[in-house]
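# A closer look at the structure
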Amino acid sequence: AARYHTGWERAWASPEPKKKYDAIIIGAGGHGLATAYYLGKNHGIKNVAILEKGWLGGGNTGRNTTIIRSNYLQDPSAAIYEKARSLYETMSQDLNYNVMFSPRGVIMLAQTEHEVRGYKRTAHANALQGVKTEFISPARVKEIVPIINLEGPRYPVLGGLWQARGGTARHDAVAWGYARACSDMGMHVIQKCEVTGIRNEGGKVVGVTTSKGDIDCDKLGIVVAGHSGDVAGMAGFRLPIESVPLQALVSEPIKPCMDCVVMANTVHGYMSQSDKGEMVIGGGTDGHNAFTQRGSFHHIEETVRALIETFPMVARLKMLRQWGGIVDVTGDRSPILSKTPVENIFINSGWGTGGFKAIPGSGWGFAELMAKGHSPLCDAFSLDRFKEGRFIDESVAAGVAH
Ligand SMILES: Cc1cc2nc3c(=O)[nH]c(=O)nc-3n(C[C@H](O)[C@H](O)[C@H](O)COP(=O)(O)OP(=O)(O)OC[C@H]3O[C@@H](n4cnc5c(N)ncnc54)[C@H](O)[C@@H]3O)c2cc1C
Ligand SMILES: CSCC(=O)[O-]
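Just so it is clear, the model here is predicted, and its values are computed rather than measured. (Residues numbered from 1 in each chain as written. Chains lettered and ligands numbered in written order. Predicted model: local features only at pLDDT ≥ 70, side-chain atom pairs only at ≥ 80, totals over all residues. Heavy atoms only, no water.)

### Some words on the overall build of the protein chain
On a plain count of helices and strands, the protein chain comes out with 10 helices and 18 strands. In terms of overall size, the protein chain behaves like a compact globule, its C-alpha atoms giving a radius of gyration of 21 Å where 402 residues would be expected to give roughly 21 Å. C-alpha atoms of the protein chain, sized along the principal axes, occupy 65 × 55 × 40 Å. The long-range fraction of contacts in the protein chain, counting pairs at least 24 apart against all pairs at least 6 apart in sequence, stands at 75%. Summed over its atoms, the accessible surface of the protein chain is roughly 16600 Å², and 53% of this surface lies on carbon and sulfur atoms. Both charge centroids of the protein chain, one from 43 positive and one from 39 negative side chains, sit 3 Å from each other. (Helix = DSSP H or I, 4+ residues; strand = E, 2+ residues; numbered from the N terminus. Rg over C-alpha atoms; globule rule 2.2 N^0.38 Å. Contact = heavy atoms within 4.5 Å. Areas by Shrake-Rupley, 256 points an atom, 1.4 Å probe, with all protein chains shown as cover. Lys, Arg positive; Asp, Glu negative; His and termini not counted. Charge placed at Lys NZ, Arg CZ, Asp CG, Glu CD.)

### Quick notes on the pairing of strand β13 (residues 261-264)
Neither face of β13 is exposed, since Val 261 and Met 263 on one face and Val 262 and Ala 264 on the opposite face are all buried. Sheet topology places strand β4 (residues 106-109) next to β13; 3 bridges connect them, and they run parallel. Bridged to Ile 107 within β13 is Val 262. As judged from the 3 bridges shared by β13 and strand β14 (residues 269-273), these two strands associate in the antiparallel manner. Note on β14: the bridge partner recorded for Met 263 is Tyr 270. (Buried < 20%, exposed > 50% of the residue type's maximum accessible area, 1.4 Å probe, protein only. Pairing = 2+ DSSP bridges.)

### Some words on the side chain of Ser 362
Locating Ser 362 in the fold gives a position in helix α9 (residues 359-372). A polar side-chain atom of Ser 362 sits 2.8 Å from a polar atom in the side chain of Asn 348. (Polar contact = N/O pair within 3.5 Å; in protein donor to acceptor, adjacent residues only side chain to side chain.)

### Concerning the site of ligand 1
Taken together, 37 residues sit near ligand 1, with Glu 52, Asn 60, Thr 61, Thr 65 and Lys 357 positioned nearest. Within the backbone of Val 195, one N or O atom sits 3.0 Å away from a nitrogen atom of ligand 1. One of the backbone N or O atoms of Gly 355 is found 2.9 Å from an oxygen atom in ligand 1. Protein chains bury 97% of the 1000 Å² of accessible surface belonging to ligand 1 in isolation. Among the secondary structure elements, those contributing two or more residues to the shell around ligand 1 are α1 (30-43), β12 (241-251) and β16 (319-330). The dominant element in the shell around ligand 1, judged by the number of residues it contributes, is β12, at 3 residues. (Near = heavy atom within 4 Å.)

### Some details on the confidence of the model for the protein chain
Summing up the model confidence of the protein chain, the mean pLDDT is 96 and the portion of residues at 70 or higher is 98%. Scored as a whole, the predicted complex attains pTM 0.97, and scored at its interfaces, ipTM 0.99. (pLDDT = per-residue confidence, 0-100.)

### With respect to the pattern of salt bridges
With the rule as written, the count across this model stands at 19 salt bridges. We note a salt bridge from Glu 143 to Arg 140, for which the minimum N-O separation is 2.9 Å. Within this pair, Glu 143 and its partner Arg 140 are both found in helix α5 (residues 138-144), separated by 3 residues, close to a single helical turn. We classify Arg 140 as partly exposed; its relative accessible area is 34%. Glu 368 is paired through a salt bridge with Lys 372; the nearest N and O atoms lie 4.0 Å apart. Residue Glu 368 and its partner Lys 372 are both found in helix α9; the two are separated by 4 residues, about one turn of the helix. (Salt bridge = Lys/Arg side-chain N within 4 Å of Asp/Glu carboxyl O.)

### So, the site of ligand 2
Taken together, Ile 67, Arg 69, Met 263, Tyr 270, Thr 353, Gly 354, Lys 357 and Ala 398 form the complete shell of residues around ligand 2. Within the side chain of Arg 69, one N or O atom sits 2.7 Å away from an oxygen atom of ligand 2. When ligand 2 sits alone it has 240 Å² of accessible area, and the protein chains cover 96% of it. Split into classes, the residues belonging to the shell around ligand 2 amount to 4 nonpolar, 2 polar and 2 charged. (Nonpolar A, V, L, I, M, F, W, Y, C, P; charged D, E, K, R; others polar.)

Here it is in structure tokens:
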């Protein structure tokens with residue numbers, strides 16, 4: 001029976017680890033927690049531990065700018081991102097937790113002829129994929145975003161790719177909602193439990209070594225974003241990803257002035273307004289590999305400077321705070337949802353700058369891959385694609401420069 005929450009008890013249990021689980025997920029971010037949730041909900045696998053070295057949701061899932069959209073180009077991308085976007089629509093009801101999904105609309109501005117052609121192509125592809133987007137005129141952009149300057153001297157606005165059912169959600173609540181639901185199913189969400197080693201015998205995983213001792217398992221999911229290379233190394237294999245800082249900032253709160261999300265990928269900036277009134281601003285990744293969850297300040301200056309031509313009001317804002325995360329970027333800007341060279345170890349990584357929007361679709365598909373050994377949502381994103389040259393190039397749809 002569903003556990004009723006009076007609101008007075010702790011939202012999730014904090015158990016010590018057992019000796020063995022059917023499945024262990026390393027990483028209590030959105031993708032790891034969603035994977036565990038759908039292992040239980042869709043496949044009845046509930047003897048699961050989610051091991052987190054810090055605090056749940058403390059990685060990129062608690063550090064992103066919460067943009068949700070599915071306006072990608074390739075068929076496998078459209079499938080998983082649209083699955084995710086549709087699951088976001090009902091997530092609050094499904095988890096009985098208000099994740100504040102707000103389908104306020106997302107525009108990807110076309111500020112060059114190349115982008116006009118590219119986004120029109122994406123709109124046509126989306127029509128064939130069942131993803132609802134349209135290419136809109138500059139006048140329509142101005143109607144949706146009155147504060148925008150269409151006549152920028154360097155990059156005038158020539159139109160935009162509009163997804164009305166894209167939007168935002170409260171990132172912490174997504175992690176908390178999934179964590180509570182996993183805990184309600186009797187799963188163990190174990191924080192401050194760093195995985196320091198992965199044990200296998202005869203090419204098959206048998207367990208992990210952690211800061212809380214050795215824990216055995218039959219199946220292991222690695223879902224650690226920017227630390228994927230390190231953790232995969234513990235199991236003896238390498239990944240084609242780079243870990244780079246990605247930053248964001250919020251301004252002081254101001255009166256409501258923008259009720260959708262705008263991404264200006266030519267100038268590498270994007271902006272929305274939070275429910276508290278802050279302007280939430282992000283840009284491209286820092287240009288160097290690093291594990292600092294901060295990034296270099298000049299990058300933030302570049303982002304803000306780039307946005308001022310299109311949003312002159314930005315020039316008068318004061319910055320409230322800036323932060324960063326470590327994103328896991330693949331060469332084709334598509335994720336890795338795959339078996340690995342070690343039997344019963346699975347990897348969910350490579351979401352780069354854009355994995356928040358994918359969390360429920362990724363969890364759904366990756367749980368199926370772990371439970372059944374294959375998943376229509378994941379099969380195209382296997383590690384083998386890099387050996388076989390089957391790239392899923394989403395460098396345009398991925399948005400910001402990275
Ligand atoms: C500034 C910024 C802005 C972004 N904006 C957007 C956006 O607007 N829209 C969008 O779709 N995406 C966005 N993203 C990307 C998105 O945040 C990520 O792709 C997504 O959150 C990744 O989720 P995850 O669960 O894979 O990783 P995380 O949330 O990072 O979780 C991984 C967890 O693994 C843990 N871990 C690591 N190593 C170990 C270990 N050895 N043992 C145990 N635990 C370990 C970490 O502590 C972490 O909590 C942004 C990212 C950043 C940094
Ligand atoms: C950080 S970029 C946000 C997105 O991918 O929509």
